[in-house]
Amino acid sequence: MARPRSLPIATAGTVLGALLLTALPASAAPPPGPGPHPVRERGGSEPAAPLPPRTAALSSPVVSPAARPASGGYPRRTALAVPPENPADASLKLGLAPYHSLAPRLNALQRLGDRVSVEVVGRSAGGRELYLVTVTAPESPAQARAQERMRERIENAPAAAAGDARIKAAYKTPVFINNNIHGNEWEGTDAALRLVEELATATDRKTAGLLARTRIHLNVTANPDGRIAGTRANAAGFDLNRDFITASQPESRAIRRIAIDKQPAVMLDLHGYVNGTLIEPTTPPHGENYEYDLFLKHSYANALGMERAVNGLGHTPAKDGVEPAVIPFRDQREGWDDWPPIFTPQYMPFQGAVAAHTIEFPLQVNNRAYQTLPVAELRRRAAINVGIAGAVMRAALDYADTHRAAVIADQIETFRRGAAGEPQRPVSEETVPGVPGIGPEDVYTTTFPRAYVIPAGRAQRSAVAAARLVDHLVANDVRVGRAKDGSYVVDMRQPKRGLANVILAEGRDISADVSTMYDISGWSLGLLWGATVRKVERGPVPAVVRTVHAAAPTGSVAPFGDLLLRLDDPKELVAVNALLARGVAVRRTADGAAVVPGAARAVARELAERYGVVFRATKERGAAPLERTRVAASATAGELFALREMGFEVVPVSAKVLNAGFDWSGASGPSGASGADVLYVSQGLDWAELTPAAREALRRSGVGVVGAGAAGAAFNAAAGLLPVTAVEGNGDANGVVAVRGTGGPLAAGAPAHTFVYSPLWFTGLGAGVRTELAYAPGAPLVSGHWRPAAAGGGGPADAAGRAAVVSGRAASGAPVVLIGTEPLFRTHPKGSFALVGRALLAR
């Protein structure tokens, strides 16, 4: 097959000069051979679209500012504030663009002519601006409004859009390029800057035609915090490319907004490092909620074009250490799947993308390589990676332009099938001609229910959880209606039914389908977020009386008497912690709820309005006082985030911190600097690493201990706290599991499902140790991937009926809780948060 046409670009003038095109030093020595595959973390052609009529803008693509359209069209100018220069920016060592250079570069690019627009689409967890660049031919406000009407017609009236001649002739294909979502995978940002300048300054007719038919949106750096620090995570410690569907972080929420507003048909996500360059589509299993026949058709063809572009650069293993490109769908059996919607390219198809790709540059420059390789070698590698990133960007743009008619038609078809409620088309060599090697192992489909109903009132287990789920659906652009009885209705005959089902369905057990998964395999918000969700398989759907733009308020306060606040939801935990912080005398009940004195009704009203929680009237007096709890935590970033989300004062600790003389009382340090009432351990704290003095200080403190996972269980055993035996299941297992409470106060109100990752259970419970939560008997795994380990044990059958959460008191009298599930995993299983919150409040 002939190589795709390259995008001819005029030589850049001196408008930006060295500002954009900084030379990178080269080295003749090739790097070592191909690097390892990333470790699982704990981590056919059609004629080109006709060229639109020649316009003044096309004949003179770089025009004076006087010719720019008014506000509301394109370009849309933003004078970006320039951050202070930061000589510690990790990009500088690689010869790449530091974050502080981006604003002046983008300001300069906007001044080049009328093709470049820049918007600030949000701020990072660390407070840094997120820049979205749009490159397209200029549009008047009226033309921009016409484009928006066509975009809305494609989504909201897809059957009509399919026959709309104006859309076929004039709609601009939206292409989205996301860069640097992992902060220490830098090079996409620099390639994006070069591409923007090339497109802004090119004078050839092909570039003009491309921009007349396309809107190119580039997220310059999705993770400026990590770019500066040289870390994969953002400033909050989150891997942003695991956050789609939960959207806990501002950066992922900004990308979600881009996806909804721009509705990209083609999308790239730039990463590193896999040698040779890895270009999706993926291995099985494939997400069962996609219109995968439409997606695979374009993703595979686009991947072939990108592969030719990369290999066409002439890099070789012998010359510069670059292996030929790899397409997992074609070249690998399993291990690089697109099953979970937590990654950016796996989320985008639900917002209309018919081609979405992770691209992995080949030459590693992060982590150990960053620390140990000579600067010249790092810069040589980075330069090659920037060139490869530019090649895939240009190839994808060429595909989107050359196949414009089919790309837009299939985006429309994706939405049309959803709105019509039609069944999916299984992939095969007949349904996806031109894609070789499709077999039964690639067929993943589902039967969509007729609707989902989220009850309200007494039929709802938790009104605040239901409201959270409804608001999340709406934030993801899923259509939600309100029935006459107040319940929420998600009619599955809607354009984004795949996303609605991803969020609400229970998922499936894929343990038998593949031997390994790249990341998680179960995520159901319908089961894990604490709300009651009912599936309507067929038959009548409750009549909708209005469209929901936000869940109805749920907070209320009984007008008389003392008040009862259930502690079944993270919002209720943050409310009780707010009460305690204000000095309100709160007491807990025998089943773990909170009694608030009627005298605090004014504060309760404020909190009910703020958090949507319900304070009911009660005559209970409470069994014991609740006290403000300070938490010393050796935990993941997601767990720290979740603990703070529940309103706990959290002090991160480690063996080093405790050995330095940590004052558990907090009496000798400033407020919040030290002191704790309970220790939470889920990673990184080994009893053997504590000095005798630190161990004795912990024993004497009398603080409670909450241990989660293998690290928590190991700490318990080494410290001799509870007499139990922790049994580790298959370390690769994860998913949604069914559980049962045993009537104790800790798990009272807990949902019937939670999440596991490397599951754990407890046997040999000694005197005084009780089971609070147990894995369901029989087959506890509802959705996910959980096989027995190689030796035959550690599977879900071994966990069935076993204790998942236990409690008791250490010899010192301190309360201890051990958790074998992952109730705070990446802040996702919201319905399980309260179990941890109750454990922390227990004294």
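So, how was this worked out
Every chain's residues receive numbers from 1 upward, in the order its sequence appears when written. Residue-level local features of this predicted model are given only where pLDDT is at least 70; pairs of side-chain atoms are given and counted only at 80 or more, and the full residue set underlies all totals for whole chains, interfaces and linings. Side-chain measures here rest on the full set of heavy atoms in the structure, leaving out hydrogens and waters. Stacked, edge-to-face and tilted labels apply to pairs of Phe, Tyr and Trp rings (six-membered ring for Trp) whose centres lie within 6.5 Å, assigned for plane angles under 30 degrees, over 60, and everything in between, in that order. Each helix corresponds to a stretch of at least 4 residues labelled H or I by DSSP, and each strand to a stretch of at least 2 residues labelled E; elements are numbered beginning at the N terminus. Throughout this description, the term charge over a ring refers to an Arg CZ or Lys NZ atom that lies within 6 Å of the ring centre and within 35 degrees of the ring normal. Every residue pair with non-hydrogen atoms within 4.5 Å of one another is taken to be in contact. Salt bridges are counted wherever a side-chain nitrogen of Lys or Arg sits within 4 Å of a carboxyl oxygen of Asp or Glu. Only protein chains enter the calculation, and the probe is 1.4 Å; a residue is then buried if its accessible area is under 20% of its type maximum, exposed if over 50%, and partly exposed in between. Known as pLDDT, the predictor's per-residue confidence is scaled from 0 to 100. We call two strands paired when DSSP finds no fewer than two bridges between them. Here the axes come from fitting lines to C-alpha atoms, over the contacting stretch only for helices, and the angles between their N-to-C directions go from 0 to 180 degrees. Any angle that falls under 35 degrees is termed roughly parallel, while one over 145 is termed roughly antiparallel, one within 65 to 115 roughly perpendicular, and all others oblique. When the near helix sits turned anticlockwise from the far one by under a right angle, the crossing is termed left-handed; a clockwise turn instead gives a right-handed crossing. All amino acids are sorted into three groups, where Ala, Val, Leu, Ile, Met, Phe, Trp, Tyr, Cys and Pro are nonpolar, Asp, Glu, Lys and Arg are charged, and the leftover types, Gly among them, are polar.

A. Geometry of the packing of aromatic side chains. Scanning the entire structure with this criterion turns up 21 aromatic pairs. Consider the rings of tryptophan 761 and tryptophan 786, whose centres lie 6.4 Å apart with planes at 40°: the pair is tilted. Remark: tryptophan 786 occurs in the loop between β30 (781-785) and α26 (796-799) and tryptophan 761 occurs in strand β28 (residues 760-763); sequence separation between them is 25 residues. Put simply, the rings of Tyr290, Tyr292, Phe295 and Phe350 touch in pairs and so form one group of aromatic residues. Directly above the ring of tyrosine 488 sits arginine 482, whose terminal nitrogen or CZ lies 4.3 Å from the centroid. Over the face of the ring belonging to tryptophan 529 we find lysine 830, whose NZ or CZ atom lies 6.0 Å from the ring centre.

B. Quick look at the environment of lysine 830. Tracing the backbone shows lysine 830 in the loop between β32 (815-819) and α27 (833-841). For lysine 830 and isoleucine 388, which are 442 residues apart along the polypeptide, the C-alpha to C-alpha distance reads 40 Å. Ignoring anything within four residues of it in the chain, the contact list for lysine 830 reads Arg468, Leu528, Trp529, Pro570 and Glu645.

C. Looking closely at the pattern of salt bridges. Counted under the stated rule, the structure contains 49 salt bridges. Arginine 417 is the partner of aspartate 293 in a salt bridge, and the nearest nitrogen-oxygen pair spans 2.9 Å. Of this pair, aspartate 293 sits in helix α10 (residues 292-311) while arginine 417 sits in helix α16 (residues 404-420), and the two are 124 residues apart along the sequence. Judged by relative accessible area, aspartate 293 falls into the buried class, the value being 6%.

D. View of unusual backbone geometry. Look at the link from glycine 272 to tyrosine 273: it is a cis peptide, with omega at 5°. Here tyrosine 273 lies in the loop between β5 (266-272) and β6 (278-279). For the peptide bond that leads from proline 284 to proline 285, omega is 0°, which places it in the cis range. Mapped onto the elements of the fold, proline 285 is located in strand β7 (residues 283-286). Notably, alanine 247 is not glycine yet its phi reads approximately 55°, a positive angle. In this fold, alanine 247 is placed in the loop between α8 (224-229) and α9 (250-262).

E. The confidence of the model for the protein, seen in detail. Summary statistics for the protein give a mean pLDDT of 91 and a share of 91% for residues scoring 70 or more. A low-confidence stretch, residues 1-70 (pLDDT under 50), is modelled with 153 contacts involving residues beyond four sequence positions or located in other chains.

F. Broad picture of the sheet that holds strand β1 (residues 116-123). The seven strands are arranged β1-β2-β4-β3-β5-β9-β6 in an open sheet whose pairing can be described as mixed. Either end of the sheet is taken by a strand with one partner, and the two such strands are β1 and β6. Running at roughly 30° to strand β2 (residues 129-135), helix α2 (residues 99-110) makes contact with β1 and β2 of the sheet. Set on the sheet, helix α7 (residues 205-213) makes contact with β2, β3 (173-179) and β4 (214-219); between it and β4 the angle comes to about 85°.

G. Broad picture of the packing of α2 against helix α6 (residues 187-201). Closest axis-to-axis distance for the α2/α6 pair is 10 Å, and the angle between their directions is 15°. Judged on the interaxial angle alone, α6 and α2 are roughly parallel. As α2 packs across α6, the resulting crossing turns out to be left-handed. Residues Leu102, Arg105, Leu106 and Leu109 of α2 form the contact with α6, whose own contacting residues are Thr189, Leu193, Val196 and Glu197. Its residues assigned to classes, the contact of α2 with α6 shows five nonpolar, one polar and two charged.

H. Representation of the side chain of arginine 256 within the structure. Relative to the helices and strands, arginine 256 is located in helix α9. Setting aside residues up to four positions removed in sequence, arginine 256 forms contacts with Phe244, Ala247, Tyr347, His472, Ala475 and Asn476.

I. Seen up close, the sheet that holds strand β14 (residues 544-547). Pairing within the open sheet is antiparallel, and its five strands lie in the order β13-β10-β12-β11-β14. Each having just a single partner strand, β13 (534-536) and β14 make up the two edges of the open sheet. When strand polarity is set aside, the average angle formed by the axes of neighbouring strands in this sheet is 30°. Sheet topology note: the strand β11 (residues 481-483)/strand β12 (residues 488-491) ladder contains two bridges and is antiparallel. Directly across from glycine 481, in β12, lies its bridge partner valine 489. Against the sheet, helix α17 (residues 463-475) contacts β10 (451-454) and β12, and its axis sits at roughly 140° relative to β10.

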